[in-house]
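The lines below spell out each chain.
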Amino acid sequence: MARTKPIEPDATAGDKSEQILKGAMQEFLTHGYAGTSMDKVAKTGGVSKATVYSYFQDKEGLFAALVQWLARKKVNYIGSGDARTRISQFRQASDCGVGAFSAASADFCEKLS
């Protein structure tokens, strides 16, 4: 079983939800949806379990928020410029980690279908 290293709290950001989302991403990628618990997310994110639940109702809500957060990050990554540049940036952003994330969350995706 793979171990994940706890995320160091980012004192400058002060954003607990982002800290939790980073921990969740690490856990989902390492253990998949079924193998990830809110306890593991809390430990990896460097927060308490109560803090995780104060931001996210359950694991399904956390996973959905993580997907939205990652999508926003990709959209924000795509800068201005001509259409060819934006398309290139979009492809680059889309290729980064999608395969690993999709494989780790296959059991969650099956649940949705």
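This structure is a prediction, so every number in the text was calculated from the model and none was measured. (Residues numbered from 1 in each chain as written. Predicted model: local features only at pLDDT ≥ 70, side-chain atom pairs only at ≥ 80, totals over all residues. Heavy atoms only, no water.)

### Considering the pattern of salt bridges
Enumeration according to the criterion identifies 2 salt bridges in this entry. Close ionic contact of Glu18 with Lys22 constitutes a salt bridge, the shortest N to O distance being 3.4 Å. Of this pair, Glu18 and Lys22 are both found in helix α1 (residues 16-31), 4 residues apart, which corresponds to roughly one turn of the helix. Given a relative accessible area of 25%, Glu18 falls into the partly exposed group. On the accessibility criterion, Lys22 (29% relative accessible area) is partly exposed. In this structure, the salt-bridge partner of Lys49 is Asp39, at a minimum N-O distance of 3.3 Å. Residue Lys49 is found in helix α3 (residues 49-55), and its partner Asp39 is found in helix α2 (residues 38-45); the two are separated by 10 residues along the sequence. The exposure class of Asp39 is partly exposed, given its relative accessible area of 44%. (Salt bridge = Lys/Arg side-chain N within 4 Å of Asp/Glu carboxyl O. Helix = DSSP H or I, 4+ residues; strand = E, 2+ residues; numbered from the N terminus. Buried < 20%, exposed > 50% of the residue type's maximum accessible area, 1.4 Å probe, protein only.)

### What about the packing of aromatic side chains?
The geometry of an aromatic ring pair is captured by two quantities: the separation of the ring centres and the angle between the planes. Counted by the stated rule, this structure contains 4 aromatic pairs. Residues Phe28 and Tyr33 carry aromatic rings whose centres are separated by 5.8 Å and whose planes lie at 5° to one another, so their mutual orientation is stacked. Across the pair, Tyr33 and Phe28 agree in class, each one buried. Here Lys59 stacks its cationic end above the ring of Tyr33, 4.4 Å away from the centre of that ring. (Phe/Tyr/Trp six-rings, centres within 6.5 Å; stacked < 30°, edge-to-face > 60°. Lys NZ or Arg CZ within 6 Å of the ring centre and 35° of its normal.)

### Points about the nonpolar core
In this structure, Ile20, Leu21, Phe28, Val52 and Leu62 are the most contacted members of the largest nonpolar core, which totals 16 residues. Those elements that place two or more of their residues in this core are α1, α2 and α4 (59-77). Examining the composition of this core, we find that 5 residues originate from one element, α4, more than from any other. Those residues in contact with Val52 that lie beyond four places of it in its chain are Ile20, Met38, Val41, Ala42 and Val47. (Core = buried A, V, L, I, M, F, W, Y, C linked by side-chain atoms within 4.5 Å. Contact = heavy atoms within 4.5 Å.)

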